[in-house]
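Chains, contacts and geometry: an overview
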Amino acid sequence: MEVQSVRLDSWIWAVRLFKTRSAAAAACRGGHVRVNGTPAKPGHRIGPDDEIRLRSDGVEKIVVVVRAIGKRVGAAVVPECLIDRSPPPPPKEVLASVPRRDRGAGRPTKRDRREIDRLRGLGL
């Protein structure tokens, strides 16, 4: 089903950028979705050639609308509806080099914060 313009939350759900339409609407309301550089509400109408930027799970995705569709489509049809211009994910080596605290370790102590600052090069 192809139309001239469609609701933003419906389209990003239809092209499988979000698992549910309610999750897509929540992302729009939370300010995580921009259309042509401006924050957009779930009911914002989009059409061909609109650029959509969204953050989901800490990853930024940039897509350009090719076809405005109103109903969810199969995964094989999705590439016909959008152009993905998302930046490539960072290499695994970069992600692995970022120090992380153990889960459940609690809040860092004053001594821990000093060591973290020293490792980051912020120590005095």
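Structural data are supplied above this passage.
In this text, all values refer to a predicted model and were calculated from it rather than measured experimentally. (Residues numbered from 1 in each chain as written. Predicted model: local features only at pLDDT ≥ 70, side-chain atom pairs only at ≥ 80, totals over all residues. Heavy atoms only, no water.)

On to the overall build of the protein chain. Secondary structure assignment for the protein chain yields five helices and seven strands. Listing the helices and strands of the protein chain from first to last along the sequence gives β-α-α-β-β-β-β-β-α-β-α-α. C-alpha atoms of the protein chain, sized along the principal axes, occupy 60 × 30 × 25 Å. Taken across its 124 residues, the protein chain has 28% of its residues classed as buried. Within the protein chain, residue pairs in contact and separated by at least 24 positions form 45% of the contacts whose partners lie at least 6 positions apart. When the accessible surface of the protein chain is totalled, it reaches about 8,900 Å², and 52% of it is carbon and sulfur. (Helix = DSSP H or I, 4+ residues; strand = E, 2+ residues; numbered from the N terminus. Buried < 20%, exposed > 50% of the residue type's maximum accessible area, 1.4 Å probe, protein only. Contact = heavy atoms within 4.5 Å. Areas by Shrake-Rupley, 256 points an atom, 1.4 Å probe, with all protein chains shown as cover.)

In total, this model carries zero disulfides according to the counting rule given. Unpaired in this structure, Cys-28 has its nearest cysteine sulfur neighbour in Cys-81, at a distance of 18 Å. You can call Cys-81 buried: its relative accessible area is 0%. (Disulfide = S-S within 2.5 Å.)

Below, the discussion takes up the pattern of salt bridges. The full count for this structure, using the stated rule, is six salt bridges. Asp-9 serves as the salt-bridge partner of Arg-7, at 3.1 Å between the closest nitrogen and oxygen. When its relative accessible area of 3% is taken as the criterion, Asp-9 is described as buried. For the salt bridge of Asp-9 with Arg-21, the shortest nitrogen-to-oxygen distance reads 3.4 Å. With a gap of 12 residues between them, Asp-9 in helix H1 (residues 8–14) and Arg-21 in helix H2 (residues 21–29) connect regions that are remote in the sequence. Within this structure, Arg-7, Asp-9 and Arg-21 form a network of salt bridges that share partners. (Salt bridge = Lys/Arg side-chain N within 4 Å of Asp/Glu carboxyl O.)

If you look at the biggest cluster of nonpolar residues, it comprises 25 residues, and the most contacted ones within it are Leu-8, Trp-11, Ile-12 and Ile-52. Where this core is concerned, the elements lending two or more residues are H1, H2, strand E2 (33–35), strand E5 (51–56), strand E6 (59–65) and helix H3 (78–81). Considering every element that reaches this core, the biggest residue donor is H1, with four residues. Contacts of Trp-11, omitting those with residues within four sequence positions, involve Val-6, Leu-17, Ile-46, Ile-52, Val-63, Val-65, Arg-67, Ala-68, Ile-69, Cys-81 and Leu-82. (Core = buried A, V, L, I, M, F, W, Y, C linked by side-chain atoms within 4.5 Å.)

Once that is clear, we can look at the pairing of E6. Examined bridge by bridge, E5 and E6 share six bridges and lie antiparallel to one another. Across the sheet, Ile-52 pairs through a bridge with Val-63, a residue of E6. Pairing analysis gives three bridges linking E6 to strand E7 (residues 82–84), with the strands arranged antiparallel. Its bridge partner being in E7, Val-63 is matched across the sheet by Asp-84. (Pairing = 2+ DSSP bridges.)

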